[in-house]
Amino acid sequence: MADERNLIEILEENNPIDIIKYINYVHSPKCGAIATFSGTTRDTFEGKTVLELRYEAYVPMAVRCIKSICSSARSSWNLNSIAVAHRLGPVPVGDISVFIAVSSVHRADGLDACKFIIDEVKASVPIWKKEVYTNGEVWKENSEFLERREELGIQDRTRGCCGRKVKVEDALDAKSCCALTKHPTHTDRGC
């Protein structure tokens, strides 16, 4: 494990992701590929105008989880270096919220590992996303998280975070929360 070359950063509010920094980190003359994923805030979702995304995280656990994901990726693919960065706080439309760079000798390893890493980050890392629209805001569960709940045998989506979404304006009336990764402000509502 000591030879693993990983850079994992959870960036505090108002710190944009410098993709060149992470690409330079994974660059190596012995590698023929650098695969990247850049997650950006889009301007619409299901017909609603998105103003921004807001992220919160339990940072120490998020870093630990991402390290574990990187180790899992290394056990499946021949990788040189991995860089993962995720922003916290508001992320306006067009800005990058998550960036992953993976270097490998051959492109297939890098591409497969990059997809695996983003899917696992969205499914299991304690980072929470709120979508802010022109007409309200909603805490979101990622589809990868919902799929993971099904894999674990948790089938009833209506008993999770009030189904797929929790509307902030209705949050005081919420009767349950996610059993797997609760948002800090939802913990006092009981399950």
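Rules of the game
Residues numbered from 1 in each chain as written. Predicted model: local features only at pLDDT ≥ 70, side-chain atom pairs only at ≥ 80, totals over all residues. Heavy atoms only, no water. Helix = DSSP H or I, 4+ residues; strand = E, 2+ residues; numbered from the N terminus. Buried < 20%, exposed > 50% of the residue type's maximum accessible area, 1.4 Å probe, protein only. Contact = heavy atoms within 4.5 Å. Salt bridge = Lys/Arg side-chain N within 4 Å of Asp/Glu carboxyl O. Core = buried A, V, L, I, M, F, W, Y, C linked by side-chain atoms within 4.5 Å. Polar contact = N/O pair within 3.5 Å; in protein donor to acceptor, adjacent residues only side chain to side chain. Axes fitted to C-alpha atoms, helices over the stretch in contact; angles between N-to-C directions. Parallel < 35°, antiparallel > 145°, perpendicular 65-115°, else oblique. Left-handed = near helix turned anticlockwise from the far one by under 90°. Nonpolar A, V, L, I, M, F, W, Y, C, P; charged D, E, K, R; others polar. UniProt positions renumbered as here; feature names shortened; annotations may be inferred.

(A) Fine view of the overall build of the chain. Tallying secondary structure elements over the chain gives four helices and ten strands in all. The buried share among the 191 residues of the chain stands at 44%. Excluding contacts between residues fewer than 6 apart, the proportion of contacts in the chain whose partners are at least 24 apart in sequence is 69%.

(B) Spotlight on the environment of Ala-35. Tracing the chain through its elements places Ala-35 in strand β2 (residues 33–40). Once the C-alpha coordinates of Ala-35 and Ile-82 are considered, the two residues, 47 residues apart in sequence, prove to be 9.7 Å apart.

(C) Summary view of unusual backbone geometry. Phi angles above zero are rare outside glycine, and Asn-14 is one such case at about 65°. Looking at the secondary structure, you find Asn-14 in the loop between β1 (5–11) and α1 (19–26). Asn-14 sits in the exposed class, given a relative accessible area of 59%. In this structure, Glu-46 is a non-glycine residue whose phi angle is positive, near 50°. The residue Glu-46 is located in the loop between β3 (44–45) and β4 (48–57) in this model.

(D) Structural view of the pattern of salt bridges. Within this structure, the stated rule accounts for eight salt bridges. For the salt bridge of Glu-137 with Lys-130, the shortest nitrogen-to-oxygen distance reads 3.4 Å. One exposure class covers both Glu-137 and Lys-130, and it is buried. Of the charged contacts in the structure, one is a salt bridge between Lys-140 and Glu-131, with a shortest N-O distance of 3.7 Å. Accessibility assignment for this pair places Lys-140 and Glu-131 in one class, buried. Through salt bridges with shared partners, one network takes in Glu-52, Arg-54, Lys-130 and Glu-137.

(E) Region of the structure containing the nonpolar core. By size, the foremost hydrophobic cluster in this structure holds 29 residues, and its most contacted members are Ile-66, Ile-82, Val-84, Ile-100, Val-102, Ile-117 and Val-125. Mapped by element, the contributors of at least two residues to this core are β1, β4, α2 (59–76), β5 (79–87), β7 (96–104), α3 (107–124) and β8 (127–133). Discounting chain neighbours no more than four positions away, the residues touching Val-125 are Ala-62, Cys-65, Ile-66, Ile-69 and Glu-120. Of all hydrophobic cores here, the second largest spans eleven residues; its members include Tyr-22, Ala-85, Ile-96 and Ala-101.

(F) Representation of the environment of Glu-9. Inspection of the secondary structure puts Glu-9 in strand β1. Residues Glu-9 and Val-63, spaced 54 residues apart in sequence, show a C-alpha to C-alpha distance of 7.4 Å. Setting aside anything within four residues of it in sequence, one finds Glu-9 in contact with Lys-21, Tyr-22, Val-84, Ala-85 and His-86. For Glu-9, the side chain forms a polar contact with the side chain of Tyr-22, separated by 2.3 Å.

(G) Summary view of the packing of α2 against α3. Between α2 and α3, whose axes approach to 10 Å, the crossing angle comes to 150°. Classified by the interaxial angle, the pair formed by α2 and α3 is roughly antiparallel. Every pair of crossing elements has a handedness; the one defined by α2 and α3 is right-handed. In this structure, α2 uses Cys-65, Ile-66, Ile-69, Ser-72 and Ala-73 to contact α3, whose residues at the interface are Ala-113, Phe-116, Ile-117, Glu-120, Val-121 and Ser-124. Looking at the contact of α2 with α3 residue by residue, the class counts come to eight nonpolar, two polar and one charged.

(H) Broad picture of the UniProt feature "binding site: substrate" (unreviewed entry) in the chain. Within this numbering scheme, the UniProt entry marks His-106, Arg-107, Lys-122, Lys-129, Lys-130 and Glu-131 as carrying the feature "binding site: substrate" (unreviewed entry). Inspection of the secondary structure puts His-106 in the loop between β7 and α3. Judged by its relative accessible area of 54%, His-106 is exposed. Given the relative accessible area of 28%, Lys-122 is considered partly exposed.

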